[in-house]
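Residue strings, one per chain:
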Amino acid sequence: MPQLGLGVWQADDEETEEIVRFALDDAGYRSIDTATDYGNEAGVGRGLAASGVDRDDVFITTKLWNAEHGRVNTLAAVDTSLSLLGLDHLDLYLIHWPLVGHEERLVETWATMIEIQGAGKARSIGVSNFEPHHLDLLAAHTDVVPAVNQVELHPLLQQRELRSYCAERGITVEAWSPLGGSGRGWGGEPHTNQLLGNPTLAVIAEKHGKSIAQVIIRWHLQSGIVVIPKSSRTARVAQNAEVFDFALDDEDMAVINGLDAGRRFGAHPDELNFGAPAS
Ligand SMILES: NC(=O)c1ccc[n+]([C@@H]2O[C@H](COP(=O)([O-])OP(=O)(O)OC[C@H]3O[C@@H](n4cnc5c(N)ncnc54)[C@H](OP(=O)(O)O)[C@@H]3O)[C@@H](O)[C@H]2O)c1
C-alpha cells in the first residue's frame, strides 16, 4: 500500500475525475481514497480510466457506508462500488464506521468482508474509525485481522495508544484529516483548520523551505503512518506529493510530537451513529 495517497471527500463527482487524473498523471500519486458516502466513486473511476496509468499500478480504496451493514446489503454494496468505479476488484475495502450498539451486525458485516476478499473482489479488507474494543470484538469472532484502520489522526490528535494497539496486531494505521481537515469535521461540528496556520509548524516549514502542509505530511510519513491529504486544487495536490526531497530532523519530530492535544475535529466513533440502520 503506498504510504501517500489522495483523499477525495468533499470533491464532487465532476471535479474528482480531473483531480484523480491529474494526481495520477502529473503528480505521481498511486493511491486514491474514496467512499460510497462521498458520492464520487464514478468520478474516481473516470479519472483512473482517463489517466495514462495502468489500473494495476494504482491502489484504490473505498468504504462500505453505515446504511449497508449486514450480509445482504454488504454484498450488494461492494458490487455497486465496483460498478461505479469501473473495476473488477478493489485494493482495499473498509467498513467506514462501527455502529454504536449493533455489535452482532458489525460481526456479520466483517464476516461478509472476509467473504468478499475470498471472492477476489477486494485484495485487502479493513476498517475505519475502530477503537480497540471494536477490533477486539472482531478478533473474538473471526480469525481475520483488518489490514488497515483508517482514523482521524494529525499532530493535534496523535492517537498513540491506538497506534500501539494496532502495531502489536500488525494493523496499518492510516490518517484521515491528516492536515487537520477542511473545517467540516467528519460527523463533528464546523471548525476552523487549526494546523495549516500553526506558528510552531510555520517555523519548521520555513527552516526547510516547505509549506506547513508538506511538513505535516512529512511528519506522518516519518511516523510510519499512511497519509491521504485531500485537495481539489491541482497546485496543492502536486505540492502535497513533493515531500520526498526533505526530512524532518529529530528536533522537528520532537516538537511536532509535542503538539498532541487529543483534539478531535470529527465525531468520536463511540458517540455517533449516522446513517445507521434502525434495527
Ligand atoms: N474514514 C473516515 O471516516 C474519513 C473521514 C474524513 C476524511 N477521510 C478521508 O481522508 C481524506 C483527508 O481528510 P480531509 O479531507 O478531512 O482533510 P485534510 O486532508 O486534512 O485537509 C483537507 C483541507 O486542507 C486543504 N488543503 C489541502 N492541501 C493543502 C495545502 N497544501 N495547503 C493549504 N491547504 C490545503 C483543502 O482545501 P482545498 O481542497 O481547497 O485545497 C481542504 O480544505 C478525505 O478526503 C477522505 O478521503 C476519511
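All figures in this text were calculated on a predicted structure; none of them were measured in a lab.

Regarding the sheet that holds strand S2 (residues 31–33)
If you trace the 8 strands from one edge of the open sheet to the other, you get S1-S2-S3-S4-S5-S6-S7-S8, paired in parallel fashion. Looking at the sheet topology across the chains shown, the edges are occupied by strand S1 (6–7) and strand S8 (226–227). Note: strand S6 (residues 148–152) against strand S7 (residues 172–176), 5 bridges, orientation parallel. Paired with valine 148 across the strands is threonine 172, a residue of S7. With respect to the sheet, helix H3 (residues 71–85) is in contact with strand S3 (59–64), strand S4 (90–95) and strand S5 (122–128), its orientation differing from that of S3 by roughly 140 degrees.

Digging into the site of the ligand
Lining the immediate surroundings of the ligand are 28 residues, of which Gly7, Leu179, Ser182, Ala213 and Lys230 lie closest. In terms of residues, the shell around the ligand owes the most to one element, helix H9 (residues 234–241), which gives 3 residues. For the shell around the ligand, the per-class residue count stands at 10 nonpolar, 14 polar and 4 charged.

A few points about the packing of helix H1 (residues 13–26) against H9
Where H1 meets H9, the closest approach of the two axes is 10 Å, and the angle between their N-to-C directions is 40 degrees. Between H1 and H9, the interaxial angle falls into the category oblique. When you trace H1 past H9, the crossing you get is right-handed. Facing Ile19, Phe22, Ala23 and Asp26 of H1, the residues of H9 in contact are Thr234, Val237 and Ala238. Across the contact of H1 with H9, the residue classes break down as 5 nonpolar, 1 polar and 1 charged.

Quick notes on the environment of valine 78
One can find valine 78 in helix H3. Sequence separation between valine 78 and arginine 184 is 106 residues, and the spatial gap between their C-alpha atoms is 27 Å.

Here we look at the pairing of S7
Taken across its 5 residues, S7 has 4 buried, putting it largely inside the fold. Sheet analysis places S7 next to S8, joined by 2 bridges and oriented parallel. Following the sheet pairing, glutamate 174 is matched in S8 by valine 226.

What to know about unusual backbone geometry
The phi torsion at glutamine 10 lies on the positive side, around 75 degrees, for a residue other than glycine. Positionally, glutamine 10 belongs in the loop between S1 and H1. Here glutamine 10 falls in the partly exposed class, since 16 other C-beta atoms lie within 10 Å of it. Here asparagine 129, not a glycine, exhibits a phi torsion of approximately 65 degrees, which is positive. Mapping asparagine 129 onto the fold places it in the loop between S5 and helix H5 (132–141). Judged by the 24 C-beta atoms lying within 10 Å of it, asparagine 129 falls in the buried class.

A look at H5
One turn of the α-helix equals 3.6 residues, which is why residues spaced by three or four share an orientation. If you check which residues of H5 are buried, you get His134, Leu135 and Leu138. For H5, the buried positions fall inside an angular range of 100 degrees around the axis, keeping them on one side. For H5, the exposed residues lying more than 90 degrees away from the buried face are His133 and Ala140. Turning to H5, the residues buried within the fold contact helix H4 (103–118).

Thoughts on the nonpolar core
Tyr93 and Ile216 are the most contacted members of the largest nonpolar core, which totals 68 residues. Element by element, the count of residues in this core is highest for helix H8 (residues 212–222), at 6 residues. Among all residues touching tyrosine 93, those that are not within four sequence positions of it are Thr62, Leu64, Val78, Met113, Ile116, Ala122 and Ile125.

Some remarks on the packing of H1 against helix H2 (residues 41–50)
In the contact formed by H1 and H2, the axes pass within 7 Å of each other and the chain directions differ by 35 degrees. Crossing of H1 against H2: the hand is right-handed. In contact with Asp13, Glu14, Thr16, Glu17, Glu18, Ile19, Val20, Arg21 and Leu24 of H1, H2 contributes Ala42, Gly43, Val44, Arg46, Gly47, Leu48 and Ala50.

Some words on H1
End to end, H1 covers 20 Å across 14 residues, agreeing with the expected 20 Å (1.5 Å per residue, within 8%). All of the buried residues along H1 are Thr16, Glu17, Ile19, Val20, Arg21, Ala23 and Leu24. Each element contacted by the buried residues of H1 is listed here: S1, S2, H2 and H9. At the C-terminal side of H1, glycine 28 shows a positive phi close to 85 degrees.

The rules we used
- Residues numbered from 1 in each chain as written.
- Predicted model: local features only at pLDDT ≥ 70, side-chain atom pairs only at ≥ 80, totals over all residues.
- Pairing = 2+ DSSP bridges.
- Helix = DSSP H or I, 4+ residues; strand = E, 2+ residues; numbered from the N terminus.
- Contact = placed C-beta atoms within 7 Å.
- Axes fitted to C-alpha atoms, helices over the stretch in contact; angles between N-to-C directions.
- Near = placed C-beta within 6 Å.
- Nonpolar A, V, L, I, M, F, W, Y, C, P; charged D, E, K, R; others polar.
- Parallel < 35°, antiparallel > 145°, perpendicular 65-115°, else oblique.
- Left-handed = near helix turned anticlockwise from the far one by under 90°.
- Buried ≥ 20, exposed ≤ 12 C-beta atoms within 10 Å, placed from the backbone.
- Arc of directions from axis to C-beta.
- Core = buried A, V, L, I, M, F, W, Y, C linked by C-beta atoms within 7 Å.
- Expected span 1.5 Å × (residues − 1).

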